[in-house]
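Letter by letter, the chains look like this.
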Amino acid sequence: MKPRAALLAVLALAATVARAEIPEAERRSGYHDMGPSVQAMQDDDAANPGTLWLLQGEALWDRRQGAAAKSCADCHGAASGLAGVAARYPAFSGVSSRPIDLEQRINLCRTDNQKADAWAYESRELLSLSAYVARQSRDLPIAPPADPRLAPFLAAGADLFARRQGQLNLSCAQCHDDNHGKKLAAATIPQAHPTGYPIYRLEWQSLGSLQRRLRNCLIGMRAEPYAYGAPEYVDLELYLMSRARGMPLEAPGVRP
Ligand code: HEC
Ligand code: HEC
């Protein structure tokens, strides 16, 4: 599709009548919108490029670092002990007085427990350890915590999802609630469930976080993306996890 035709297709989406949130029985992971070859790549650890990051994450888990000279394993034991953790993040942090996502939680252990510098967002190290921690929750259902302190942030995320923004004056919901399954240029619009993160995206030729994915969508909407780590992303992540409640985690997923 030519750029102009793609733009017209987007504007046609905006004109559609808003539906409500997707009923639970109709929810589907982006996995089911991909072709069989990309699905096979995700399913087979030997073919899933995310495995390279997992291996590095496994090595980092055991490496003593920072002024405390402690490894993740020194405090947490086997990584399998963190099974289920990725399925219930973002979670409320007393330190930040707001929810933090899994990457931010890992960085908190870097700075407070290892006494080392925080890793940059999207750095190889942070992605590797997030993938390794998330992998421990593969096939477990997404289970956002029932923590009343999260309520205002969840509401803010839901609000952001429904808010029209950017030069195209589109909301996330217009694509992902109202027009999922339709084609946009070469892509099928998925329902936007955060089941596979961090994902190996073929377009990126790299692993990337959910924040990077959200950033891509904001740029697609011709909206100003937030800086990595911005509270808006975490609120959106919180809402997406709550919207995907009960769906199994696939991390590390593969996406086109
Ligand atoms: C113009 C339509 C459109 C809008 C508006 C849009 N997206 Fe997307 N989004 C897409 C498409 C298309 C994809 C899949 C991209 C691909 O495969 O190339 C996607 C992918 C995603 C995914 C990845 C799902 C998966 O299976 O991994 C998430 C999460 C997501 N979007 C969230 C959002 C959020 C949050 C917003 C609002 C800030 C938003 N999107 C706005 C079209 C849109
Ligand atoms: C000095 C001990 C120590 C080290 C080293 C450490 N952690 Fe932690 N970690 C903790 C403690 C204590 C908590 C629980 C904090 C709390 O309950 O709020 C925690 C919490 C976590 C959580 C959230 C668990 C949950 O149930 O919400 C994750 C994920 C995590 N750590 C990952 C890591 C990773 C990855 C590393 C290595 C980079 C690491 N930690 C290094 C002590 C440590």
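Everything quoted here is computed from the prediction, not taken from an experiment. (Residues numbered from 1 in each chain as written. Chains lettered and ligands numbered in written order. Predicted model: local features only at pLDDT ≥ 70, side-chain atom pairs only at ≥ 80, totals over all residues. Heavy atoms only, no water.)

(A) The coordination of the iron atom of ligand 2, seen in detail. Donor atoms from the polypeptide that bind the iron atom of ligand 2 are H76 (NE2) and C109 (SG), placed at 2.0 to 2.2 Å. If you look at the iron atom of ligand 2, its six donor atoms make angles of 87 to 178 degrees with each other, and the shape they trace is octahedral. Residue H76 is found in helix α4 (residues 72-76), and its partner C109 is found in helix α5 (residues 102-113); the two are separated by 33 residues along the sequence. Here H76 falls in the partly exposed class, since its relative accessible area comes to 39%. (Donors = N, O, S within 2.8 Å, 3.2 Å for Na, K, Ca; no water. Tetrahedral: all angles 85-135°; square planar, octahedral: opposite > 155°, others 65-115°. Helix = DSSP H or I, 4+ residues; strand = E, 2+ residues; numbered from the N terminus. Buried < 20%, exposed > 50% of the residue type's maximum accessible area, 1.4 Å probe, protein only.)

(B) Quick look at the nonpolar core. Grouped together as the largest cluster of nonpolar side chains are 27 residues, with contacts concentrated most on W61, Y89, L102, I106, W119, L129 and V133. Elements represented by at least two residues in this core include exactly α3 (50-61), α4, α5 and α6 (124-135). It is α6 that contributes the most residues to this core, five residues altogether. Every residue in contact with L129, bar those within four places of it in the chain, is listed here: G57, L60, W61, C72, I106 and W119. (Core = buried A, V, L, I, M, F, W, Y, C linked by side-chain atoms within 4.5 Å. Contact = heavy atoms within 4.5 Å.)

(C) How the structure looks around the coordination of the iron atom of ligand 1. Protein-derived coordination of the iron atom of ligand 1 comes from H176 (NE2) and C217 (SG), at a distance range of 2.0 to 2.2 Å. One can describe the site at the iron atom of ligand 1 as octahedral: its six donor atoms subtend angles covering 86 to 179 degrees at the metal. Highlighted residues: H176 in helix α8 (residues 172-176) and C217 in helix α9 (residues 210-220), separated in sequence by 41 residues. Relative accessible area serves as the criterion here: at 11%, H176 is assigned to the buried category.

(D) Up close: the packing of aromatic side chains. Applying the stated criterion across every chain yields a total of six aromatic pairs. Seen from their ring centres, Y121 and Y228 are 6.0 Å apart, and the 15 degrees between their planes marks the pair as stacked. Note that Y121 is positioned in the loop between α5 and α6 and Y228 in the loop between α9 and α10 (231-243), a separation of 107 residues in sequence. Y121 gets classed as partly exposed once you look at its relative accessible area, which sits at 29%. On the numbers, 5.2 Å between centres and 55 degrees between planes, the contact of F161 with Y239 is tilted. (Phe/Tyr/Trp six-rings, centres within 6.5 Å; stacked < 30°, edge-to-face > 60°.)

(E) View of α5. With 12 residues, α5 extends 16 Å from end C-alpha to end C-alpha; this agrees with the ideal 16 Å at 1.5 Å per step. Among the residues of α5, those classed as buried are L102, E103, Q104, I106, N107, L108, C109 and R110. Against α4, β1 (91-93), β2 (98-100), α6 and α10 lie the buried residues of α5. One or two steps after α5, the chain reaches K115, where phi turns positive at roughly 55 degrees. (Expected span 1.5 Å × (residues − 1).)

(F) Quick peek at the site of ligand 1. Taken together, 21 residues lie around ligand 1, and C172, C175, H176, Y197 and C217 are the ones closest in. Measuring from a nitrogen atom of ligand 1, one finds a side-chain N or O atom of H176 at 2.7 Å. For the shell around ligand 1, the secondary structure elements donating two or more residues are α8 and α9. The element that contributes the greatest number of residues to the shell around ligand 1 is α9, accounting for five residues. Its residues placed into classes, the shell around ligand 1 shows 14 nonpolar, four polar and three charged. (Near = heavy atom within 4 Å. Polar contact = N/O pair within 3.5 Å; in protein donor to acceptor, adjacent residues only side chain to side chain. Nonpolar A, V, L, I, M, F, W, Y, C, P; charged D, E, K, R; others polar.)

(G) View of the domain arrangement of the chain. Assigned domains of the chain: these are domain 1 (3-16 + 24-44 + 149-238 + 249-255) and domain 2 (50-135). A C-alpha centroid distance of 24 Å is found between domain 1 and domain 2. Contacts between the two partners involve 22 residues from domain 1, matched on the other side by 22 residues from domain 2. Of the roughly 1900 Å² buried between domain 1 and domain 2 on both sides combined, carbon and sulfur atoms contribute 71%. Applying the counting rule to domain 1 against domain 2 returns one salt bridge. (Domains from an automatic or database assignment. Buried area = accessible area lost by both parts, 1.4 Å probe. Salt bridge = Lys/Arg side-chain N within 4 Å of Asp/Glu carboxyl O.)

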